[in-house]
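# Working through the structure, step by step
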Amino acid sequence: MNPSPPSDVSSQTAASLMRAQGHDAPPEAAADVAAFAARVLAGSRAAFDALAFEDEPAGWTAAANRLAR
Amino acid sequence: MTDAELVALDCTALAAAIRLGRVTSERVTEALIARAEAVQPALNAFVRIDAEQALRAARAADLDLAAGRVRGPLHGVPMAHKDMFYRLGVPSGCGSRITAERPATTTATALERLDAAGALQFGVLNMAEFAFGPTGHNWHLGHCRNAWSPEHVTGGSSSGSGTAVAARATPAALGSDTGGSIRMPASFCGVAGIKPTYGLVSRAGAMPLSFSMDTIGPLARTVEDCALLLRAIAGADPRDPTCDARPVPDYVAQLQRPVRGLVIGRPRSYFYDACDPEILAAMEDSLDRLRALGATVVDVDLPDVDAWNAAGTMVISAEAAAVHGPWLRSRPHDYSAQVLARLRGGLAVPATAYIDSLRLRGRAIAEFGAAVFSKVDVLHSPTIELATPTIAQTDVGGGPGMAALLARVTRLTRPANFLGLPALSVPAGFSRAGLPIGMQLTGRPFDEATLLTLGRAYQRATGLHERAPAL
């Protein structure tokens, strides 16, 4: 399992996003949201870098059909 | 037959006994309701038992049968389901405080299809709040407890489904699986459960969590029952545009296919990286059994699964936060603190990352297929890599290691959700503490039949599904 990377999403940014969407943003919640976002964004960055220009969100269906017997 | 004998029968045997007139549906329903009421204080598996209504339905099924009208392969078989499958006019609590009083405006396609197959519903089952928790904790309804040891978790989110089936309080139950919510309770509770390919089973009328990941499937004591229920609920549905249009195979008929010649993959990485020794030993035993049945076992290398898990987490979080947006704004205090925190996580997922996560799915399944299904028919692994934790270990005060523990619980089930692949969990042994251990079989898209064939052969060879908890 990959260790969690250091947070590079600030609590202030998370709080701003939460408030902009109409949600409460108590400091502890904002810190948790920031840590979550930082972790998943860091965990997927390399895979996103490998995406092709043409890869599309509906690509799963075509790929699954090719793999199905 | 005595009550104890009746509740010990699986759906297949109950349906045959009712059809042949050896027992009435009413008698079976009475026995199951009595069993459910008897185990409820220890397990907290049921949210509601609809005794009068179920007995009326059972008597009607008996009258139909007497008149020569057989509704379907599950004629007169009573069962209970996770409390997130809507039935018109009836509130579905979804494990929450928010929807508990809201009558449903539709009936779930999965329930309609079970009704059409002749099944009856006598109750609804406990679940994690909004299906967003892997252990079976529910701070509103009370935690669900494992039939093998009430101090231990059931797994979630289909917690009541897992433990009620294990306790012989229902012969089968519907569950949902967005990150492992069928397979985890199946594994921890020692029953079978299948997460179908994304798009095989309609989600219409079922509580949404993540549109791109949600699947619906059965939990039952036997793989044969999983095949029977899956056959009943699968297939195209105009009410769910993500549903696949291909014909549904007769999974029950295909159970007889030979295992000899199937190639099973043992992953060299990820699935065993952090596996407890006694889980590992159970997996080696299960592979020996499968070899003895005629299957070939080969090692396979996997792509980087961790990156897919991160992407899958973003999809689930962003979609769940969107679905819950209005309630998160207007009723945040009606969520438990744990679920509120999980739902809020999606509020900071950038749209670009969400879209890239979805773009990654096609590439991921193609890479996984090339690495795995070019060599093997089925990937074998543990369902869960660690021994069953206690409810206390995974509760609010579970200590600093709790988050890591929860991540380990879901670690081996999440890949199949991101990849949209079918995965079956089958009991594969017991720990020294006497708690069940599950093995997971993952297959090609829409190849549930191979998983069920293999799982059923394994069950018949081991008889592990016949062991019952001492309740």
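Heads up: these notes are all about the structure in this document. (Residues numbered from 1 in each chain as written. Chains lettered and ligands numbered in written order. Predicted model: local features only at pLDDT ≥ 70, side-chain atom pairs only at ≥ 80, totals over all residues. Heavy atoms only, no water.)

### What about the sheet that holds strand 1 (residues 46–49) of chain B?
Residues and elements named next belong to chain B. If you walk across this open sheet you meet the 3 strands as 1-3-2, and the pairing is mixed. Two strands in the sheet have a free side with no partner beyond their single neighbour: strand 1 and strand 2 (78–82). Between one strand axis and the next, the sheet turns through 35° on average, direction left out of account. Relative to strand 3 (residues 120–125), strand 1 runs antiparallel, the two sharing 3 bridges. Bridged to Phe46 within strand 3 is Leu125. (Pairing = 2+ DSSP bridges. Helix = DSSP H or I, 4+ residues; strand = E, 2+ residues; numbered from the N terminus. Axes fitted to C-alpha atoms, helices over the stretch in contact; angles between N-to-C directions.)

### Here's the deal with the interface of chain A and chain B
As a measure of interface size, the accessible area lost when the parts come together is often cited. With 34 residues of chain A in contact, the opposing surface of chain B contributes 45 residues. For the pair chain A and chain B, the summed buried surface comes to about 3400 Å²; carbon and sulfur atoms form 65% of the total. For the interface between chain A and chain B, the tally reads 3 salt bridges. As a salt-bridge pair, Arg363 of chain B and Asp55 of chain A come within 2.8 Å of each other at their nearest N and O atoms. Inspection of the chain A/chain B interface yields 11 residue pairs in polar contact (both at pLDDT 80 or more). The dominant element in the side of chain A that touches chain B, judged by the number of residues it contributes, is helix 2 (residues 27–49) of chain A, at 10 residues. By residue class, the composition of the side of chain A that touches chain B is 22 nonpolar, 8 polar and 4 charged. (Contact = heavy atoms within 4.5 Å. Buried area = accessible area lost by both parts, 1.4 Å probe. Salt bridge = Lys/Arg side-chain N within 4 Å of Asp/Glu carboxyl O. Polar contact = N/O pair within 3.5 Å; in protein donor to acceptor, adjacent residues only side chain to side chain. Nonpolar A, V, L, I, M, F, W, Y, C, P; charged D, E, K, R; others polar.)

### Some words on the environment of Asn138 of chain B
Inspection of the secondary structure assignment puts Asn138 of chain B in the loop between strand 3 and helix 6 (159–166). Of note is the side chain of Asn138 of chain B, whose polar atom sits 2.7 Å from the backbone nitrogen of Leu141 of chain B.

### A look at helix 5 (residues 109–116) of chain B
Counting along an α-helix, one turn takes 3.6 residues, and residues three or four places apart therefore face a common direction. When helix 5 of chain B is considered as a whole, its buried residues turn out to be Thr109, Ala110, Leu111 and Leu114 of chain B. If you follow the buried residues of helix 5 of chain B, they end up packed against strand 2, strand 3, strand 4 (172–177), strand 6 (215–220) and helix 8 (223–233) of chain B. (Buried < 20%, exposed > 50% of the residue type's maximum accessible area, 1.4 Å probe, protein only.)

### Quick look at the packing of helix 5 of chain B against helix 8 of chain B
Residues and elements named next belong to chain B. Two elements in contact, helix 5 and helix 8, have axes whose closest approach is 8 Å; the angle formed by their N-to-C orientations is 110°. In terms of orientation, helix 5 and helix 8 fall into the roughly perpendicular class. In this structure, helix 5 crosses over helix 8, and the sense of that crossing is right-handed. Contacts between helix 5 and helix 8 involve Ala110, Arg113 and Leu114 on the former and, on the latter, Leu229, Ala232 and Ile233. (Parallel < 35°, antiparallel > 145°, perpendicular 65-115°, else oblique. Left-handed = near helix turned anticlockwise from the far one by under 90°.)

### Structural notes on the pairing of strand 6 of chain B
Residues and elements named next belong to chain B. Within strand 6, 6 of the 6 residues are buried, which leaves it mostly tucked inside the rest of the structure. With 6 bridges connecting them, strand 4 and strand 6 associate as antiparallel partners. When the sheet's bridge partners are listed, Gly175 is paired in strand 6 with Gly217. The pairing of strand 5 (residues 192–195) with strand 6 spans 2 bridges and is classified as antiparallel.

### A few points about the packing of aromatic side chains
Residue and element names in this part refer to chain B. Using the criterion set out here, one finds 8 aromatic pairs over all chains in the structure. Summarising the aromatic geometry, the rings of Trp308 and Phe368 are spaced 6.3 Å apart at their centres and angled 65° between planes, so their arrangement reads as edge-to-face. One end of the pair, Trp308, is in helix 11 (residues 305–323); the other, Phe368, is in helix 14 (residues 351–373), and 60 residues separate them in sequence. Of the two residues, Trp308 and Phe368, neither departs from the other in class, the shared state being buried. Between the aromatic rings of Phe368 and Phe373, the centroid separation amounts to 5.8 Å while the plane-to-plane angle is 70°, which identifies the pairing as edge-to-face. Neither Phe368 nor Phe373 differs from the other in exposure class; each is buried. Joined through ring pairs, the aromatic side chains of Phe130, Trp327 and Tyr335 make up one cluster. A cation over a ring is seen here: Arg361 above Tyr198, with NZ or CZ 5.5 Å from the ring centre. Against the face of Tyr270 rests Arg411, its NZ or CZ located 4.0 Å from the ring centre. (Phe/Tyr/Trp six-rings, centres within 6.5 Å; stacked < 30°, edge-to-face > 60°. Lys NZ or Arg CZ within 6 Å of the ring centre and 35° of its normal.)

### Section: the nonpolar core
One finds Phe46, Leu74, Leu114, Met207, Leu302, Phe368 and Leu452 of chain B to be the most contacted residues of the largest nonpolar core, which totals 153 residues. Filtering out sequence-adjacent residues up to four positions away, Met207 of chain B remains in contact with Met84, Tyr86, Cys94, Met127, Phe130, Ala131 and Asp214 of chain B. Among the nonpolar cores identified, the runner-up in size contains 14 residues, and Ala15, Ala29 and Ala38 of chain A together with Ala321 of chain B belong to it. (Core = buried A, V, L, I, M, F, W, Y, C linked by side-chain atoms within 4.5 Å.)

### Brief notes about the packing of helix 2 of chain A against helix 11 of chain B
Between two packed helices, what matters for the description is the angle formed by their axes and the separation of those axes. The geometry of helix 2 of chain A relative to helix 11 of chain B is characterised by a closest axis approach of 8 Å and an angle of 130° between their N-to-C directions. The orientation of helix 2 of chain A with respect to helix 11 of chain B, classified from their angle, is oblique. Here helix 2 of chain A and helix 11 of chain B pass one another in a crossing that is left-handed. Here Phe36, Val40, Leu41, Gly43, Ser44, Ala47 and Phe48 of chain A of helix 2 of chain A lie close against helix 11 of chain B, whose contacting residues are Ala307, Ala310, Ala311, Thr313, Met314 and Ser317 of chain B. Residue composition of the contact of helix 2 of chain A with helix 11 of chain B, by class: 9 nonpolar, 4 polar and no charged.

### A word on the pattern of salt bridges
All names here are of chain B. One pass over the full model with this rule turns up 25 salt bridges over all chains. A salt bridge links Glu284 to Arg266, with the nearest nitrogen and oxygen atoms 2.7 Å apart. Taken together, the residues span a long stretch of sequence, with Glu284 in helix 10 (residues 277–292) and Arg266 in strand 7 (residues 263–267) at a distance of 18 residues. Residues Arg411 and Glu385 are paired through a salt bridge, measuring 2.9 Å at the closest nitrogen-oxygen approach. Of this pair, Arg411 sits in the loop between helix 15 (402–410) and helix 16 (414–419) while Glu385 sits in the loop between strand 9 (378–382) and helix 15, and the two are 26 residues apart along the sequence. The pair formed by Arg411 and Glu385 is uniform in burial state, with each residue classed as buried. One network of salt bridges, with partners in common, ties together Asp273, Asp276, Glu385, Arg408 and Arg411.

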